[in-house]
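Structural overview for review
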Amino acid sequence: MLGQQIINGLVAGSAYALFALGLTLMFGVLGVVNLTYGFYFAVGAYLALLAAGAGAPIALALPLAAILAGLVAVVLDFLLLTRLRRTRAPELASLMVTLGATLFLYSAMSALLGSEIRRFPAGLLDNGAFALGAYRISVGQILIVGTAVLLSLGLVSLMGATRTGLAMRALAENSDASELMGVDTQAIMRRVSFLSGALGGAAGVLIGLEYNAIAPYMGEAMTLKGFAIIILGGLGNIGGALAAGLLVGVLEALTAGYVSSVYKEAVGFLLLVLTLWVRPQGLFGRPGARRA
Amino acid sequence: MSMNGALLEVRGLELGYGRSTVVEGLDLSVPEGAIVCLIGANGAGKTTVLRGLSGLIRARRGAVLFERTDLANKPAHRIARAGIAHAPEGRQIFGEMTVSENLAMGAYLSPSKAETARRREGALARFPRLAERMRQRAGLLSGGEQQMLAIARALMADPKLLLLDEPSMGLAPLFVDEIFRAIAALKAEGRTILLVEQNAHAALELADYAYVLETGKVSIEGPGRELLARPEIADAYLGG
């Protein structure tokens, strides 16, 4: 029982980690609190649903949904935030603008697609499962963990070992100095928007698969959870976001299994409050360190 | 000094922030291979001039002719691409990245890995202290080492023109000497430099030509050594 709960928790946690990764990237590099991030999560799930409904296999629906969600993120970032960045508006301004935009987008999505919960077509995933000793792990769960691991490794090596990744980290620290090095910071920002939107969209598809429930407002609760995770992990800290995502997933599963599923959603925030009392920089943050 | 064929020729430049005008009607020229120095009191607009030249702030009026092309109002990364490297005030190194990664950022526009490696060797030969610190987080370096890194990072671009903003500010005397020796070496190699300094004496000794900035305008100009000998300069900028 305990082992199975932990496995289920790690599966959900790896999707959380992926979601948090995109959020911490956006926050760390772009330096704005962008609440539309949860919208990309919902967009990703719906796009995969549409693609699957049209007969696309998951191997096509998932990447397609992620890429399109990334493009939506680039467009929304450009429309909402370009002006604010140019005038170096305070963070509260970006918070309010993106909050307003998000409420509008969720409403528009509900009006367009209906607000009822939708499900992926039966047979999208193989129903099989593997036995690991006494535990079982389904094909869907393997897909979730595999995708999350692959995308996280991809992002980590992009940030650590490529010229673009180097420029992203430089931009996270000091936008003026990056420009002086010859970095076209606007172009790098577009790439970061794309990547984070795509990660958020992919996470939406995976969570949609895990719970088989897709609704326009699914991104709203997830955004709050995402912020809790990246604060736990230390803002802008990629490894921290991954670890905190897994941790929250496991704690949720254990809470649902041993206490009550009523408290499941609260456990991440409880952990957040307890952590901030003891370590204001988050579990994995360095004191005084800012971003990325 | 208005000279035909100067590498950098600034004409009638006006710069400011918000509603305040900081620099007005600035004419200045930097010939190839020369060290030109900009001195002046705090708030005279020296840093603003460099920020304007490298594109960190937009020019309101005037021309910045670099190799006869007007760079005024081009974004900073385009100006960097044209061959101007700016080691800004306050050093502005990437503190969370390693020394090695800071140098890699300096060579962001380098055409090839071999070229980057060649420049890196040159930078480390110039500042051997950095070689011992390559894997360290740059934020952990001492102030003097950070200044060396800032200059080394700018040189990694192999610029045609190097803008140095207050390289000796806040440094221990030992480091000040080392920084000025490095600038003298760059001069000997024929690098073109526009230097902003509060240490007017050391700067004027090195400078081929100097401008004194007073509330955003050039008040006096002339060869560095000539200005050193002028009583009004000595009174105002050389501590009497």
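Keep in mind the model is a prediction, meaning the values are calculated, not measured.

What counts, and at which threshold
- Residues numbered from 1 in each chain as written.
- Chains lettered and ligands numbered in written order.
- Predicted model: local features only at pLDDT ≥ 70, side-chain atom pairs only at ≥ 80, totals over all residues.
- Heavy atoms only, no water.
- Salt bridge = Lys/Arg side-chain N within 4 Å of Asp/Glu carboxyl O.
- Buried < 20%, exposed > 50% of the residue type's maximum accessible area, 1.4 Å probe, protein only.
- Contact = heavy atoms within 4.5 Å.
- Buried area = accessible area lost by both parts, 1.4 Å probe.
- Polar contact = N/O pair within 3.5 Å; in protein donor to acceptor, adjacent residues only side chain to side chain.
- Helix = DSSP H or I, 4+ residues; strand = E, 2+ residues; numbered from the N terminus.
- Patch = residues over 30% accessible without salt bridge, like charges linked within 9 Å, V, L, I, M, F, W, Y side chains within 5 Å.
- Areas by Shrake-Rupley, 256 points an atom, 1.4 Å probe, with all protein chains shown as cover.
- Pairing = 2+ DSSP bridges.
- Axes fitted to C-alpha atoms, helices over the stretch in contact; angles between N-to-C directions.
- Expected span 1.5 Å × (residues − 1).
- Lys, Arg positive; Asp, Glu negative; His and termini not counted.
- Charge placed at Lys NZ, Arg CZ, Asp CG, Glu CD.
- Right-handed = clockwise from strand over helix to strand, strands pointing away.

**Notes on the pattern of salt bridges**
Think of it this way: side chains of opposite charge can pair up when their charged atoms draw near. Residues and elements named next belong to chain A. Inspection of every chain in the model, using the stated rule, returns 18 salt bridges over all chains. Residue R85 is joined to D77 by a salt bridge in which the shortest nitrogen-to-oxygen separation is 2.6 Å. Since its relative accessible area comes to 21%, R85 is described here as partly exposed. Residue class for D77 comes out buried when judged on its relative accessible area of 5%.

**Some thoughts on the interface of chain A and chain B**
At the junction of the two partners, chain A supplies 20 residues and chain B supplies 24 residues. Summing both sides of the interface, chain A and chain B together bury roughly 2100 Å²; the carbon and sulfur share of this comes to 58%. Area buried by chain A at its contact with chain B is led by E173, L180 and M181 of chain A, which between them contribute 33% of it. Counting the contacts that link chain A with chain B gives two salt bridges. We note a salt bridge from R169 of chain A to E101 of chain B, for which the minimum N-O separation is 2.6 Å. Seen at the junction of chain A and chain B, the total is eight residue pairs in polar contact (both at pLDDT 80 or more). Contributing elements (two or more residues each) for the side of chain A that touches chain B: α6 (163-173) and α7 (175-180) of chain A.

**Description of helix α3 (residues 99-106) of chain B**
Of all eight residues that make up α3 of chain B, seven are buried, and the element is covered over most of its length. For α3 of chain B, the set of buried residues is V99, S100, E101, N102, L103, M105 and G106 of chain B. Among the structural elements, α6 of chain A together with α4 (113-126), α5 (128-131) and α6 (143-155) of chain B are those in contact with the buried residues of α3 of chain B.

**Quick word on a nonpolar patch on the surface**
Residue and element names in this part refer to chain A. Together, M1, L2, I6, L10, L246, Y258, V259, V262 and Y263 make up a nonpolar patch on the protein surface, roughly 900 Å² of accessible area in all. When contributions to the nonpolar patch are tallied by element, the ones reaching two or more residues are α1 (2-30) and α10 (238-258). Broken down by element, the nonpolar patch gets its largest block of residues, three residues, from α1. Looking at the secondary structure, you find Y263 in the loop between α10 and α11 (267-278).

**Quick look at the sheet that holds strand β2 (residues 20-30) of chain B**
All names here are of chain B. In spatial order, the strands read β2-β1-β4-β5; together these four strands make up an open sheet with antiparallel pairing. Both edges of this open sheet fall to β2 and β5 (69-70), since each of them pairs with a single strand only. Note that strand β1 (residues 8-17) and strand β4 (residues 61-66) share five bridges and pair antiparallel. By the bridge assignment, L8 is partnered in β4 with F66. Along the sheet face, helix α1 (residues 46-53) touches β1, β2 and β4 and points at about 110° away from the line of β1.

**As for helix α4 (residues 91-113) of chain A**
All names here are of chain A. Look at α4: 32 Å from first C-alpha to last across 23 residues, which is about the 33 Å you get at 1.5 Å a residue. Those residues of α4 lying buried are S94, T98, A101, T102, L105, Y106, M109 and S110. In the core, the buried residues of α4 are packed alongside α2 (37-53), α3 (58-86) and α9 (218-233). Positive phi appears at G114, one or two residues downstream of α4, with a value of about 85°.

**Some thoughts on the sheet that holds strand β3 (residues 35-40) of chain B**
Hydrogen bonds along the backbone pair up the strands of a sheet, which may run parallel or antiparallel. Residue and element names in this part refer to chain B. Overall, mixed pairing links the six strands, which are arranged β6-β7-β8-β3-β9-β10 in an open sheet. Pairing within the sheet leaves two strands with one partner each, and these edge strands are β6 (84-87) and β10 (217-222). The average angle at which neighbouring strand axes cross in this sheet is 20°, direction not considered. Of the strand pairs in this sheet, β3 and strand β8 (residues 193-196) are connected by four bridges, and their pairing is parallel. If you follow L38 over to β8, its bridge partner there is V196. Running over the sheet, helix α7 (residues 173-188) touches β3, β7 (161-165) and β8 and is turned about 155° from β8.

**Side note on a positive patch on the surface**
A cluster of like positive charges, contributed by R163, R190 and R191 of chain A together with R78 and R81 of chain B, occupies part of the molecular surface. If you trace the backbone, R163 of chain A turns up in helix α6.

**Things to note about the side chain of T192 of chain B**
Residues and elements named next belong to chain B. You can see T192 is positioned in the loop between α7 and β8. Here T192 falls in the buried class, since its relative accessible area comes to 4%. Here G33 takes part through its backbone nitrogen, which lies 2.7 Å from a polar atom of the side chain of T192. Setting aside residues no more than four positions away along its own chain, T192 makes contact with L7, V30, P31, E32, G33, A34, K160, L161 and L162.

**Some words on the pairing of β8 of chain B**
All names here are of chain B. On β8, burial covers both faces: I193 and L195 on one face and L194 and V196 on the other are all buried. Relative to β8, β7 runs parallel, the two sharing four bridges. Across the sheet, L162 pairs through a bridge with I193, a residue of β8. Running through α7, the crossover from β7 to the neighbouring parallel element β8 is right-handed.

Treat this as a map of the structure, not an account of what it does.
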